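Observations on the three-dimensional arrangement
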Amino acid sequence: MTTPSRITAVLGPTNTGKTHYAIERMLAYPTGIIGLPLRLLAREVYDRIVEKRGAMVVALITGEERIVPPRAKYWVCTVEAMPPGMGCDFLAVDEIQLCSDPERGHIFTDRLMNARGLKETVFLGSETMRNAIAAMVPDAQFMKKDRFSTLTYAGSKKISRMPARTAIVGFSVENVYAIAELLRRTKGGAAVVMGALSPRTRNAQVEMYQNGDVDYLVATDAIGMGLNLDINHVAFSALTKFDGQRMRYLEPDELAQIAGRAGRHMTDGTFGVTGEAHDLDDEVVKAIENHQFRPIKKLQWRNGRLQFGSVTRLIQTLEQRTDDPWLTRVRESDDLAALRNLSQDAEVVARASDGPSVQLLWDVCRIPDFRGISRNEHANLLREIFNFLHQHGQVPDDWFARQVKRIDRTDGDIDTLSKRLAYIRTWTYVAQRREWLRDETHWRDATRAVEDRLSDALHDALTQRFVDRRTSVLLRRLKQKEGLVAEVNDQGEVTVGGEYVGKLEGFRFRMDKTGSPDEAKTLRQASVQALAPQFHLRADRFYNAPDTEIDYTEQGGLMWGEHAVGKLVATQDAMKPQVVAFVDEEAGDDVAQKVQRRLQHFIDRKIAALFEPMLNMQRDEALSGMAKGFAFRLAEGFGILPRGEVADDVKQLDQDARGALRKHGVRFGQFTIFMPLLLKPAPTRLRLVLWSLANKLDEFPEAPPPGLVTVPASKDAEPGYYAMAGYRAAGERAVRIDMLERLADMLRDKDSRGGFEANPDMLSITGMTLEQFADLMQGLGYKAERGERAKVKASDAAKPEAEATEEVDAEVAETPAEVAPEEMEVFFTFTWGGRPAGARRQGGKPQGQQGKPRREGGKGGPKGKGGKGGNKPQSFEAKPRREKQIDPNNPFAAALSGFKAK
């Protein structure tokens, strides 16, 4: 009788020895496999096991590395690269809480549900996964691991006052480099660790930190995944990160994963914030210190039972949904996006005509976009590789050699070398695929050699840029109280004693965040000596600068080139905002007043030019009475008024008043009273800024991209936003008000009681599908009744009725074996939904059906399929033409009555 495999979930915070436990358990069995979240961590664990068991029995498999000795017993892999069906005695997956990760979570979820060792399975991760594992793996046993050392919050510290053996965490390459540069100038240097580094570069940088060459480490959140370093303090330079789709705050458990790197084994650690990061909330601090976080409630999932009958079928299986309440379908991943892109290529689809070729296409689509290029460019590369593999069975050596040779250069700066490393990872990945190249061994060695050369060059470049073992000249002179000379170059960079101390941005001096407060005070005093004349020179140049060099932002800021020089503030008159100039006190009052005057002139002229039609209307002395009052009301609305808000005022305007307003470009639409010239992108952008100022909004909404007829309608939008943007929200989308009025013109003579259908012109001006149009109409007050009917073919509709009858008789005589099924189409019938009950039959027949058949939808009548007449063309005899009655329930038709009387 076979003993069932034991499944254990080892859960706990960082520094609990979970990974060490898994390694020891694995080595207790003859065979084993462990999946790790990062290539860097996989390499670290591989090296540890090699030390214990020797290189001849340990395999390493990642996307870009494949070391498989003939007698391999223990397999160390990234989770994505874990070979299925290995049949090892022991299996472990580390950082299992990544099941909830939006990008990679579906891979971890698949391993949680399906990966098992023959005798023992271990899942390592956070306590937040306990409920999820219990639900998904009912047989699992749980083992809780407590942290060896205490983790304590130390608050905010300046980078210049960071204690030795500190890791400072940033969430972008630019941020990491800026901090490392700062530490080079103030602390002698720092090592740099990022997930994008190759293992060779990362190990070289870590070694520099571990052996004491530098006392500081600057890293991304890559250090949070189990990399073991001698760190006493972790400082967050930011609390937000870009997750691939948006900027968001890190969750407490994510912060804890990184902060937990402080305090190795029995040594206590601290964590805190620095730079622009604000202090952590007490609740977050308490959660991190006590390792108590909100349980994970949803696991990312993608169907793993793929079908390769066709490309379309493969996409369908990848998009399959699940009813499991614990699982949520992963957002579109890069491999599926690539497959969808290639499915539009006729040649690729023609080649992928059977199961093996579709499987090959999917394998190619799973090549990661290490280069970070656009999806189309990445798809073009994949298309070329697939065509090679399908046509020749392999990627040609000469073509592959050219790709590698282009990258095999060690010159250039850090960014250039980093890009080349990213590029070579693509070819290293391809070289690791079985039978994709004629001489796999050669190309694996060749790509690895190129990666090693680039890694060494990158390590040298990082060290040269971010490590300075000598104390900075500037700090030495400050400590020795030597005289300092400040200079300002043409780019506004300020140096003291030949050392960079900050930059002049507009009319404010941005001091480099270096040194202690006393040092900073000395530096600023020295800098101001050089800045005083520079401020006056800049002010003169700015005062005489053309308006084209100045601009306003959608948040009300004022820019001179790339520098912020002021902001707009509201006054009692929304059309006359005031300016607050950004000028340092050291510049003096003369400079501040000159900058303020120039900015006020700029914004006044900008408003006068963009709102000229409205301002001319306000100044028109010929307007009087109701017309003048309505012009004032329209100016209060920045040239746009929803008609519903001023319905009573509009009714009181006589034709002369309306005519006087129309001379100024005012249009009285069915939904909006507006000035079409003010709907252009430039006035719209400024109108939103002025409206936001007048409403004292904390965050100003941005104008929709120019040229769009409809945009998604957000329920959270500030009241009045869409009107100010030149749109009207209706249903799920907002439609541009000028296009809505064109639609209103089309709907005026439609039968709003009996019902009508949308014609192509209506869909064309809105740019919508029929379903979207139906939602729009419901948002405008109509009812939309959905139906299906047999689609009328153009060829059938063109035949005379008698000829069609003869054809039917002939078909009956022939008695065919099969009749092709009718092709169905969806249609919507729209009726006005705002009428009072019992008003359906006012005025006899519905408007639009007086003496003529209903023709919308090509049916010739309301009977639809299967009714008398079917799909055949019908002839009608028109009654004598009578004057149409105006439907009192049609909001568009009512306006016609005023014109017909003239």
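Quick caveat, the model's predicted, so the values are computed rather than measured.

A look at helix α3 (residues 105-114)
Counting buried positions along α3 yields 7 of 10 residues, so the element is predominantly enclosed. Listed as buried for α3 are Gly 105, His 106, Ile 107, Phe 108, Thr 109, Arg 111 and Leu 112. Buried residues belonging to α3 abut β6 (90-93), β7 (120-125), α4 (130-136), β17 (299-301) and β18 (327-329).

Section: the side chain of Ser 198
Looking at the element boundaries, Ser 198 is found in the loop between β11 (191-193) and α6 (199-210). Residue classification places Ser 198 among the buried residues on the basis of a relative accessible area of 3%. Reaching out from Ser 198, the side chain makes a polar contact with the side chain of Ser 455 at a distance of 2.4 Å. Ignoring anything within four residues of it in the chain, the contact list for Ser 198 reads Arg 39, Leu 40, Leu 421, Glu 451 and Ser 455.

Considerations on the packing of helix α14 (residues 397-407) against helix α16 (residues 440-466)
In helix packing, the relevant descriptors are the interaxial angle and the interaxial distance, both defined with respect to the helix axes. Orientation of α14 relative to α16, taken along the N-to-C sense of each, is 10°, at an axis distance of 10 Å. Of the possible angle classes, the one that applies to α14 and α16 is roughly parallel. Listed contacts from α16 to Asp 397, Phe 400, Ala 401, Val 404 and Ile 407 of α14 are Trp 443, Thr 447, Val 450 and Leu 454. The residue inventory of the contact of α14 with α16, partitioned by class, reads 7 nonpolar, 1 polar and 1 charged.

Section: the environment of Ser 333
Mapped onto the secondary structure, Ser 333 falls in the loop between β18 and α10 (334-342). Note: C-alpha distance between Ser 333 and Arg 104 (229 residues apart in sequence) is 8.5 Å. If near-sequence neighbours (up to four positions away) are discounted, Ser 333 is found in contact with Arg 302 and Arg 375. In this structure the side chain of Ser 333 is engaged in a polar contact, spanning 2.5 Å, whose partner is the side chain of Asp 335.

Points about the packing of α6 against α16
Contact geometry of α6 with α16 gives a least axis separation of 8 Å together with a crossing angle of 35°. The element α6 and its partner α16 pack so that their crossing is right-handed. Residues Pro 199, Arg 200, Thr 201, Ala 204, Gln 205 and Met 208 of α6 lie in contact with α16, whose contacting residues are Glu 451, Asp 452, Ser 455, Asp 456, Leu 458, His 459, Leu 462 and Thr 463. Residue composition of the contact of α6 with α16, by class: 5 nonpolar, 5 polar and 4 charged.

Calculation notes
Residues numbered from 1 in each chain as written. Predicted model: local features only at pLDDT ≥ 70, side-chain atom pairs only at ≥ 80, totals over all residues. Heavy atoms only, no water. Buried < 20%, exposed > 50% of the residue type's maximum accessible area, 1.4 Å probe, protein only. Helix = DSSP H or I, 4+ residues; strand = E, 2+ residues; numbered from the N terminus. Contact = heavy atoms within 4.5 Å. Polar contact = N/O pair within 3.5 Å; in protein donor to acceptor, adjacent residues only side chain to side chain. Axes fitted to C-alpha atoms, helices over the stretch in contact; angles between N-to-C directions. Parallel < 35°, antiparallel > 145°, perpendicular 65-115°, else oblique. Nonpolar A, V, L, I, M, F, W, Y, C, P; charged D, E, K, R; others polar. Left-handed = near helix turned anticlockwise from the far one by under 90°.

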